[in-house]
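What follows is each chain in one-letter form.
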Amino acid sequence: MFHYILIFTLGLFLAALSAVGQLAFGATDSQQWGQFFSASLEHARIYIVSLFVAHISILGLSASAGRLKLLDLPDNNRKVHTEAKPLVGGLGIIAGVLVAMLLFFPIVKYISLIISILLILGVGVLDDRFDISFKWRFIVQIIATVITIHYFPGMNLRSFGNLLGFGPIETGLLVVPVTIFCTLGVINAVNMIDGLDGLAGTTALLAFVAFAVLAWLNDMPAFMLLSLAFAGALAAFLRFNWHPSKLFMGDAGSMTLGFVLAFFAVQLTQKPDSSVSPVVALIVLAIPVTDTLTVMTKRMMNGKSPFEPDKTHFHHILRDMGFGHAGVVLIIMSLSTLFSLLAIAGTLFQIPDYLLFGVFCCWFLFYFISSSTMRGLFSGIRLLKQQYP
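What you see is a predicted model; the values in this text were computed from it and never measured. (Residues numbered from 1 in each chain as written. Predicted model: local features only at pLDDT ≥ 70, side-chain atom pairs only at ≥ 80, totals over all residues. Heavy atoms only, no water.)

Here we come to the side chain of Asp310. Mapping Asp310 onto the fold places it in the loop between α11 (286-301) and α12 (314-320). Here the side chain of Asp310 touches Arg299 through a polar contact of 2.8 Å, side chain to side chain. Within polar-contact distance, the side chain of Asp310 engages the side chain of Thr312 at 2.9 Å. (Helix = DSSP H or I, 4+ residues; strand = E, 2+ residues; numbered from the N terminus. Polar contact = N/O pair within 3.5 Å; in protein donor to acceptor, adjacent residues only side chain to side chain.)

Next up, the structure:
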């Protein structure tokens, strides 16, 4: 029951926030209360439609998962689950979002984004069905990114901000390859964190909520509403994905969500005169990005492919320490929430980019050393486990 109350409250919060945003974008005092309630109801429809369509889609797809051969089979090695689970959550999430976009958004404006989403969703489904090579996944991810770069205004990572305190770091002639590289990095970071019930869905949901607040602060109401659609669809998915889960989002879901989160990160930070700096988006995504960088670096240090699966991710380490599914998700969700709050505070109080980047670098080094020595962060977590078993 708590999960349902949380999902409902989240929808009301986002709808109210977007309504407040609309008031801030031009309403007069005499109009405020009437427009607030009207806008709240209108924006709540986006959340509810996305949630409802995603829920119905997931139910229907789950019944057909066996026939479609979209099942994740246990391997008694890297995977945690012990029985076959449908890999249809991602399809349901995107179905909910796309229906909401068709009903409430100017579809022509978003057509390149939708095409890119469908491309990544399609290759994700093929990967879930046939376990295709990562090279083919990368090719489609690059094509999808290039489409949005060329056909969606603002999808160019032109600047990293003042990361070092010596002025903005511009990408210049390398803007396209840098945008592609960073987008693929986020896609695969979200994909790699999808290892426990509710983990990737919760991480993505928190990121979309943070981006919704940042879009509000940055005077970008359309992206607030798009965050509503993704939050609603993810809330529906988490209904089926809380431990013990009935199904997974699959690579189709995790890669598509990663792509959209990268899209949001670029759009919010590269707007002219944006109040949201690029390092703020990095802070929002700090947990999956840090985990992926650490795991891939260690694999290469050990002479392995950076894409070779193993059990060295953050959630695997916590599981080996004796935490259950819920405990692992709670720990990672708490850290993600702290970083999201830091990103929002950094924007509100205009904390310099180099200070926020310093925080990220310190966190990365702290986590990298801790995961190598099983001290530091994990000593603190172990102590908490002893104090509150």
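With 108 residues, the main nonpolar core has Phe211, Phe230, Leu261, Leu318 and Phe378 as its most contacted residues. Ranked by the residues each element gives to this core, the list is headed by helix α8 (residues 221-241), at 15 residues. Residue contacts for Phe378: discarding those within four places in its chain leaves Phe314, Ile317, Leu318, Met321, Tyr367, Ser370 and Ser371. (Core = buried A, V, L, I, M, F, W, Y, C linked by side-chain atoms within 4.5 Å. Buried < 20%, exposed > 50% of the residue type's maximum accessible area, 1.4 Å probe, protein only. Contact = heavy atoms within 4.5 Å.)

For the rest of this paragraph, the subject is the layout of surface pockets. Each pocket or cavity is described by its volume, and for the second largest pocket that value is around 840 Å³. Around the second largest pocket sit 31 residues that line it, and Phe181, Cys182, Gly185, Val186 and Val289 are the ones nearest its centre. Elements represented by at least two residues in the lining of the second largest pocket include exactly α6 (175-192), α9 (250-270), α10 (278-284), α11 and α14 (353-373). Of the residues forming the lining of the second largest pocket, the biggest block, 9 residues, is contributed by α6. Classifying every residue of the lining of the second largest pocket gives 25 nonpolar, 6 polar and no charged. (1 Å grid on protein atoms, 1.4 Å probe; cavity = no way out; pocket = protein on both sides within 12 Å on 5 of 7 lines; lining within 4 Å. Points joined across faces, edges and corners; volume = space filled by probe spheres on them. Nonpolar A, V, L, I, M, F, W, Y, C, P; charged D, E, K, R; others polar.)

This part is about empty space enclosed by the protein. For the coordinates displayed, the defined rule picks out 1 cavity of 30 Å³ or more. Reported here for the largest cavity is a volume of approximately 60 Å³. Taken together, 13 residues make up the lining of the largest cavity; nearest its centre are Thr203, Ala204, Ala207, Leu285 and Pro288. Looking at the lining of the largest cavity, the elements that each hand over two or more residues are α7 (199-217) and α13 (325-348). At 5 residues, α7 tops the list of elements feeding residues into the lining of the largest cavity.

Our focus in this paragraph is helix α5 (residues 134-151). Helix length check: α5 (18 residues) gives 26 Å between terminal C-alpha atoms against 26 Å at 1.5 Å per residue, within 8%. Inspection of α5 places Arg137, Val140, Gln141, Ala144, Thr145, Ile147, Thr148 and Ile149 among the buried residues, and these make up the whole buried set. Looking at the packing, one finds that the buried side of α5 touches α4 (111-130), α6 and α9. Residue Ser133 occupies the N-cap position of α5, its side-chain oxygen lying 3.1 Å from the main-chain nitrogen of Lys135. (Expected span 1.5 Å × (residues − 1).)

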